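# Descriptive structure summary
Listed below, chain by chain, are the residues.
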Amino acid sequence: MEKWEPLNMELRSWVISQVLRLEQTSSSLMRAILRMFKENPKTLGNQSSALSFKSKIDLLYDLEEIDKTEYKHLLKMMEIRNQFAHNPNAISFESLDQINPQINKYLENQEIEGIDKQGTREDKLKLIFSEIFKRCAGKLLVTEIEYTRGLEKDIRKHINDRVIENLERIWKKAIQKHLTSELATPSLFFMNSIEKQIESFYLDFRIAMGEFTESELKKIEGNNLFQVFKQKETTEETLAKMKNAKNN
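Quick summary incoming for the structure in this document. (Residues numbered from 1 in each chain as written. Predicted model: local features only at pLDDT ≥ 70, side-chain atom pairs only at ≥ 80, totals over all residues. Heavy atoms only, no water.)

## Here's the deal with the side chain of His73
Turning to its location among the elements, His73 is positioned in helix α3 (residues 68–86). Look at His73 and you get buried, because its relative accessible area is 4%. When sequence neighbours within four positions are dropped, the list of residues in contact with His73 reads Tyr106, Gln110, Ile132 and Cys136. (Helix = DSSP H or I, 4+ residues; strand = E, 2+ residues; numbered from the N terminus. Buried < 20%, exposed > 50% of the residue type's maximum accessible area, 1.4 Å probe, protein only. Contact = heavy atoms within 4.5 Å.)

## Focus: the side chain of Lys76
Summarising the element assignment, Lys76 is placed in helix α3. A polar contact is formed between the side chain of Lys76 and the side chain of Glu79, at a distance of 3.1 Å. (Polar contact = N/O pair within 3.5 Å; in protein donor to acceptor, adjacent residues only side chain to side chain.)

## Remarks on the packing of helix α2 (residues 53–62) against α3
Where α2 meets α3, the axes come as close as 10 Å, and the angle between the chain directions of the two elements is 175 degrees. Put simply, α2 runs roughly antiparallel to α3. Every residue of α3 that contacts α2 at Phe53, Lys54, Ile57, Asp58 and Tyr61 is listed here: Lys68, Tyr71, Leu74, Leu75, Met78 and Arg81. Tallied by class, the residues present in the contact of α2 with α3 amount to seven nonpolar, no polar and four charged. (Axes fitted to C-alpha atoms, helices over the stretch in contact; angles between N-to-C directions. Parallel < 35°, antiparallel > 145°, perpendicular 65-115°, else oblique. Nonpolar A, V, L, I, M, F, W, Y, C, P; charged D, E, K, R; others polar.)

## Some words on the nonpolar core
Residues Leu22, Ile80, Phe84 and Phe93 are the most contacted members of the largest nonpolar core, which totals 34 residues. Sorting the residues of this core by element identifies α1 (9–34), α2, α3, α5 (101–108) and α6 (121–165) as the ones contributing at least two each. In terms of residues, this core owes the most to one element, α6, which gives eight residues. Of all hydrophobic cores here, the second largest spans 11 residues; its members include Ala174, Phe201, Ala208 and Ile220. (Core = buried A, V, L, I, M, F, W, Y, C linked by side-chain atoms within 4.5 Å.)

## Here we look at the pattern of salt bridges
Any two side chains of opposite charge can pair, given that their charged atoms come close. In this structure the tally under the stated criterion is 17 salt bridges. The shortest N-O distance in the salt bridge between Lys139 and Glu70 comes to 2.9 Å. Taken together, the residues Lys139 in helix α6 and Glu70 in helix α3 connect sequence positions 69 residues apart. On the accessibility criterion, Glu70 (16% relative accessible area) is buried. Taking the shortest distance from any N to any O, the salt bridge between Lys177 and Glu211 comes out at 3.8 Å. With Lys177 in helix α7 (residues 167–184) and Glu211 in helix α9 (residues 194–219), this residue pair connects regions lying 34 residues apart in the sequence. Residue Lys177 is classed as partly exposed on the basis of its relative accessible area of 27%. (Salt bridge = Lys/Arg side-chain N within 4 Å of Asp/Glu carboxyl O.)

Everything listed is a geometric property; what it means functionally is a separate question.
This is the structure:
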């Protein structure tokens, strides 16, 4: 019977948790790219039906969101994770020499600042792994932020378009608000200069536009966000728009 050796769970847990964070972030990034707002999705969630880490990396590479070097880094991180997760003989980075020598050769070929100051080879390999993790995690997180900003930009554009489409409605509401407020204080109305009256109306117009913007933002909260920013326009929606344009 094979003798049980110490498993070095501290190192195993550290390696597995680092790569798990990368997989978690890759899923989050893919949801941002696809604008997938559904909670607990089957393909990019935590269910057994979810895409593998390798599949998500392949997709990101095909979408050109990661380059060839980053792609290789992520694959190597996944390979290292698998050894520490499933191989009882993987008790240190140096132990990978006997398991798969190509892993440490890959790590030692990386240019890492300050690597020469590390004492043992094990410490150097661990530092290289950590630096690769930081580079990959940084790229995934920054890209997700960029896609989030893209969505925010589209939300602003959507609201601006709605404001322009309803400008006459907003204008009429501002006039009504202005006349109502002026009638409440008629003496002030006659005392005010033309400039003051224009300034007062401009304020009422800004308020009316702000109220309309707020109401439009509430319409796209929650699940409605997907309806507004989904990637396709159905035939029914196209026909409805054509009919509406014809009636107007």
